[in-house]
Amino acid sequence: MTHLGIVAHSVEGAALCFREFAQQGFRALGPHDHPDVTLDCIPLARSMPGWEAGTPEGTASVREILTESVRRTERAGADFFVCPDNTAHLAFELPGDELPLPGLHIAQVVAERAAADGRKRVGVLGTRFTMDGHVYPEALAAQGLEAAVPGAVDREAVDRIIFEELVNGVFTDASREEYVRIIGRLAADGCDAVALVCTEIPLLITPEVSPLPTLDSTRLLARAAFEVCVGRRPLPTWRGGTPH
């Protein structure tokens, strides 16, 4: 089995990914067993100034931070990495030196599952950077699917709840109701699934409460990583930049 490196960007999403990866092992390999895994976390506070700058230079500074985290998992013995943070992939896709390890691209994993499920138009819920960015429209289009995002006011609400609450481990009924309302609007707009592409959102929105079938980016990534580790999926080759 290969050794997984988890590159954290926000704590709650990374913790959920780590837990789901280990639980895949418990179910498939036996009690207490899972492939080797190393989790590295450079505090999100180090990256937020780069994101808030809203410039290519700011995003490039985030890429440097994330690259150091990948490098640390490599030194710990990891064979490949995942980053359970969708916004981070905006930085990973910037031109630059190859990353120290190959990685699974979270948006590709989600888009592959959406296509396998027969989806056609997928609503995208994440940070404002992700909802306004190119990563998911391109990943879904590569699978012949259409991406849709909430309207401007709803995007602001989704983003505010993420940064004021979810990444800090705060999950309220009021915010859950707000997300359910927004997902309902995506359903009315013709979406046949919703991609939860802030990795904390699945902690707030479960399939039982969602008006649309959910694509849980956190758990899908963890399961894909487990499949790599046990040889059911090939070792990834992507090392940053635009995935092919």
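Residues numbered from 1 in each chain as written. Predicted model: local features only at pLDDT ≥ 70, side-chain atom pairs only at ≥ 80, totals over all residues. Heavy atoms only, no water.

> How would you explain helix 1 (residues 11-29) if you had to name every residue and give the values?
Between its first and last C-alpha, helix 1 extends 27 Å over 19 residues, near the 27 Å set by a 1.5 Å rise per residue. Within the sequence span of helix 1, burial applies to Gly13, Ala14, Leu16, Cys17, Glu20, Phe21, Ala22, Gln24 and Gly25. Looking at the packing, one finds that the buried side of helix 1 touches strand 1 (4-8), strand 2 (37-41), strand 3 (80-82) and helix 10 (217-229). Looking at the residues trailing helix 1, positive phi occurs at Gly30, about 125°. (Helix = DSSP H or I, 4+ residues; strand = E, 2+ residues; numbered from the N terminus. Expected span 1.5 Å × (residues − 1). Buried < 20%, exposed > 50% of the residue type's maximum accessible area, 1.4 Å probe, protein only. Contact = heavy atoms within 4.5 Å.)

> Can you tell me about the packing of aromatic side chains, naming the residues and giving the values?
On inspection of all chains with the given rule, the structure shows six aromatic pairs. Aromatic pair Phe81 and Trp238: ring centres 6.3 Å apart, planes at 35°, arrangement tilted. Remark: Trp238 occurs in the segment after helix 10 and Phe81 occurs in strand 3; sequence separation between them is 157 residues. By relative accessible area, Phe81 is classed as buried at 0%. Linked through ring pairs, Trp51, Phe129 and Phe163 together constitute an aromatic cluster. (Phe/Tyr/Trp six-rings, centres within 6.5 Å; stacked < 30°, edge-to-face > 60°.)

> For the nonpolar core, give the residues involved together with the corresponding values.
Leu4, Phe81, Val82 and Phe92 are the most contacted members of the largest nonpolar core, which totals 51 residues. Among the elements that make up this core, the one with the highest residue count is helix 10 (eight residues). With residues up to four places along the chain from it excluded, the contact list for Val82 reads Leu4, Gly5, Ile6, Val7, Cys17, Leu104, Leu221 and Ala225. In this structure, Ile161, Ile162, Ile182 and Cys191 belong to the second largest nonpolar core, which totals 21 residues. (Core = buried A, V, L, I, M, F, W, Y, C linked by side-chain atoms within 4.5 Å.)

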